[in-house]
Protein chains: 2
Amino acid sequence: MSPPPVTAENIADLATGTLFGALEDPALNSMNFLNEVAIHYPDAIPLAAGRPSEEFFDLEDVHRYLRAFCRYLADELGRTEEQVRRTVLQYGRTKGIIHELVAENLRLDEGIAIDPESVVVTAGCQEAMFLVLRALRADERDVLLAVSPAYVGLTGAARLVDLPVRPVRTGERGIDLDDLVAVIRRERAAGRRPRACYVVPDFANPSGLSLDVATRRRLLEVAAEEDILLIEDNPYGLFHGDADRIPTLKALDEGRRVVYLGSFAKSVLPGARVGYAVADQRVVGADGVVGLFADQLSKIKSMLTVNTSPIAQAVVGGKLLAHGCRLTGATAPERQLYDRNLRHLVAGLAERFPPGTGVTWTVPTGGFFVVVTVPFVVDDALLERSARDYGVLWTPMGHFYDDSSEVRALRLSCSVVSVDRIDRGLDRLAALINDRPG
Amino acid sequence: MSPPPVTAENIADLATGTLFGALEDPALNSMNFLNEVAIHYPDAIPLAAGRPSEEFFDLEDVHRYLRAFCRYLADELGRTEEQVRRTVLQYGRTKGIIHELVAENLRLDEGIAIDPESVVVTAGCQEAMFLVLRALRADERDVLLAVSPAYVGLTGAARLVDLPVRPVRTGERGIDLDDLVAVIRRERAAGRRPRACYVVPDFANPSGLSLDVATRRRLLEVAAEEDILLIEDNPYGLFHGDADRIPTLKALDEGRRVVYLGSFAKSVLPGARVGYAVADQRVVGADGVVGLFADQLSKIKSMLTVNTSPIAQAVVGGKLLAHGCRLTGATAPERQLYDRNLRHLVAGLAERFPPGTGVTWTVPTGGFFVVVTVPFVVDDALLERSARDYGVLWTPMGHFYDDSSEVRALRLSCSVVSVDRIDRGLDRLAALINDRPG
């Protein structure tokens, strides 16, 4: 008798049908797909990548920052040699070891005054996002609101805790506050509990848009009136071109409405994987004891990653110390580079797509991203064709919408390309668009 | 009119009743409580701490290992200077950058032969645990089995994904296989799906017990017969005293039944926070494409921590390279230290508690832990009294049971104390026990 044919069924140990359902969800497959296209076409010009410029990377920085942090522990905090070793090499405080430096950085760079105890240092900002969503998701009635289009990492983290995400329109001002109120009320009428609204007020990914200060103040009022939290994510605030900075929501927040998420991936090093949450909300326990929301997040973190690598934290702490806890000056070269690239990208679009071509784009004043609207549907198949036949990578905007509707737009990023490569990338993109797919 | 009095209600921004229910669960509060007692009584002798010895910590190791890993990328893998910088400092591969070194280490130290693609490098072993449980938890019918008493981090991670944990008796051999089968069948009869059984076959935390090779083989057979996975966690396998090592479940696994969890916290440095999962199970997707379970875990990781700090991975990779990917020899000093301490602890118990005192204890051949059974209930209040009045810390065994039943046992650990301190700690423990609380 011959053996049975090898089929998917009989060689499989597990079927995805028996696993976590979201593993088949577009949100959890988006990053993989985009990475695979990039890996498959390494010579295509990467107008898709949102990672920071590598121009200023220096391996010796890691050594220098580590030593600076250890000196600080010894000289400034008076720790013994043994204590310094233990702080950097042993298991440690769940909420982190650079919380005081983070709080000082927020005071100096952002005008945010908070107790260092309300900081939870995390394994990248993505973990901070997960901690907040896990804490807020009590049962199946809870929903999260998010300005749409939204960063796919937010949608993905929400999937991990089975928290539905309801889109709020971007509108003209970065967030449509009337729509926000309408969505909250519609959800409540349906018996659900809107817990928080996720927003990137500065140079949002992917829209590139920022909220003006009046909109920020009004958003805080709406949050108070409707009794929801705001989750403010701020990875790009330091890269504001030559425009003045606008105060963060957290700096304007007088009612502890804002959970602030911070990242050092773009301002220090992505390879440290260090981010944080500021969660100064007061939480009353079943026993009546009042504590910080940060301490609730810490409990979750203790069961997720135990603590953030103190070696990685020391690298970030060392850079903060080297610059007196201010990153505005320290990141000026990056700001200028991104600003130059962004201007070049926008000017290049204007040269190649005169009025009447049906192609329009956003003109952000900072950040990494420009959204280009085109007169045809943009999907993953078009991206693959662009990579293969035209040699240019970009991101279909459909990846930032939490539904499967057709989208006629793509996102360009200018953070890891030279101006020459921007020119060549745009030439290739223009060829693709002028060939009018469809 | 005077303002209303300040009460918990009117100063709170959030009530725990509106947050994730498990935040009030003992499993999520256990680590905090134990840490707080230790912090509050810094002079008490820490026979509670399960962290590794600090005797061999050297800050210069971090620099040396980092440089060794960068040299390997350049010299062995032929990467350019720019590529080395990018590998260590930029965002990177979700499944990690030291997967090939980890696979080689498993081949040499454990006789485990696996494709490096089935390795997911994680932010500590705790994240690996979460990834596996999140992937296996499809809906409310799923349950996890765990040899009880169990590491509280396992119970905590299960809480984060709402996965109930059903205890399996330890029995005489480290796992009671009849009870395992009985629990699986009882759960199935009740309409639930037992997905996996969590087991620490070598010097388990907290029991200190190991499974003999016959029990390991039979456990693999039972897993195949009953169609469940085994989650093997192996943080202490290298610390086997002078006894011979027993093959891991994964080394004996011919049917891809075992998901193996590894940690470098005890063998390299806790401060790197680097662990991993080996998940070589074949998963068939809805589209019929067969992939690795590791790639499903990777999707979850991409939304949880994006990737493990490559700087931290480089530190671990550098130590692996410095020792030809073998950690058995490199950790021999630690093994000898833990063995000496464990023998001293067990001998010290025998001196202080002769037969007839009603005090008994386990006699593990390796690892960090001894369980002492006493003739009275051991609870958190007794631990606080022990810390305050007797100056010695230990862990109430109740923390390792996922229910609130009374437990007459405590866990002692010998990993961060000298033999002199073990003597003094045991004198204090004997005084506490002889005072017969009750």
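See above for the structure.
Residues numbered from 1 in each chain as written. Chains lettered and ligands numbered in written order. Predicted model: local features only at pLDDT ≥ 70, side-chain atom pairs only at ≥ 80, totals over all residues. Heavy atoms only, no water.

A.B. asks: Please explain the interface of chain A and chain B as it appears in this structure.
C.D. replies: A common way to state how big an interface is: give the accessible area lost once the parts meet. Listed as interface residues are 87 residues of chain A and, on the opposing side, 87 residues of chain B. Across the chain A to chain B interface the summed buried area is about 7800 Å²; carbon plus sulfur atoms make up 62%. It is Leu 89, Tyr 91 and Met 303 of chain A in chain A that bury the most area against chain B; as a group they hold 10% of the surface buried on that side. On inspection of chain A and its partner chain B, the count reaches 8 salt bridges. (Contact = heavy atoms within 4.5 Å. Buried area = accessible area lost by both parts, 1.4 Å probe. Salt bridge = Lys/Arg side-chain N within 4 Å of Asp/Glu carboxyl O.)

A.B. asks: How should I be thinking about the pattern of salt bridges in this particular structure?
C.D. replies: Between side chains of opposite charge, a pair can form when the charged atoms approach closely. For the structure shown, the criterion picks out 78 salt bridges over all chains. Its salt-bridge partner being Asp 280 of chain A, residue Lys 250 of chain A comes within 2.9 Å of it at the nearest N-O pair. Remark: Asp 280 of chain A occurs in the loop between strand 9 (275-278) and strand 10 (282-284) and Lys 250 of chain A occurs in helix 10 (residues 249-252); sequence separation between them is 30 residues. The pair formed by Lys 250 of chain A and Asp 280 of chain A is uniform in burial state, with each residue classed as buried. Glu 226 of chain B serves as the salt-bridge partner of Arg 185 of chain B, at 2.6 Å between the closest nitrogen and oxygen. Taken together, the residues Arg 185 of chain B in helix 8 (residues 177-189) and Glu 226 of chain B in helix 9 (residues 213-226) connect sequence positions 41 residues apart. Since its relative accessible area comes to 7%, Glu 226 of chain B is described here as buried. (Helix = DSSP H or I, 4+ residues; strand = E, 2+ residues; numbered from the N terminus. Buried < 20%, exposed > 50% of the residue type's maximum accessible area, 1.4 Å probe, protein only.)

A.B. asks: What exactly am I supposed to notice about helix 14 (residues 380-390) of chain B here?
C.D. replies: In an α-helix there are 3.6 residues to a turn, and that puts residues three or four apart on one side. All names here are of chain B. Buried within helix 14 are the following residues: Leu 382, Leu 383, Ser 386, Ala 387 and Tyr 390. For helix 14, the arc enclosing every buried residue in end-on projection is 140°, short of the 170-degree limit, so these residues lie on one face. Buried positions along helix 14 lie against helix 2 (26-40), strand 14 (392-393), strand 15 (395-396) and helix 15 (419-434). Here helix 14 starts with a cap whose side-chain oxygen sits 3.3 Å from the backbone nitrogen of Ala 381, and that cap is Asp 379. Immediately downstream of helix 14, the backbone of Gly 391 shows phi near 70°, a positive value. (Arc of directions from axis to C-beta. Polar contact = N/O pair within 3.5 Å; in protein donor to acceptor, adjacent residues only side chain to side chain.)

A.B. asks: What is the right way to look at the relation of the copies chain A and chain B in this model?
C.D. replies: In summary, the two copies of the chain are related to each other by a rotation about an axis coupled with a shift along it. Expressed as a screw transformation, the operator carrying chain A onto chain B has a rotation angle of 180° and an axial translation of 0.0 Å, and the superposed copies differ by an RMSD of 0.0 Å. Viewed as a symmetry operation, the transformation between the two copies matches a two-fold axis. (Least-squares fit on C-alpha atoms with pLDDT ≥ 70 in both.)

A.B. asks: Can you walk me through the environment of Ala 103 of chain A in this structure?
C.D. replies: Residue and element names in this part refer to chain A. Position of Ala 103 among the secondary structure elements: in helix 5 (residues 99-110). Its relative accessible area of 9% is what places Ala 103 among the buried residues. Sequence separation of Ala 103 and Val 278 is 175 residues, and the distance between their C-alpha atoms is 8.9 Å. Contacts of Ala 103, omitting those with residues within four sequence positions, involve Ile 112, Ile 114 and Pro 116.

By themselves these figures say nothing about function.
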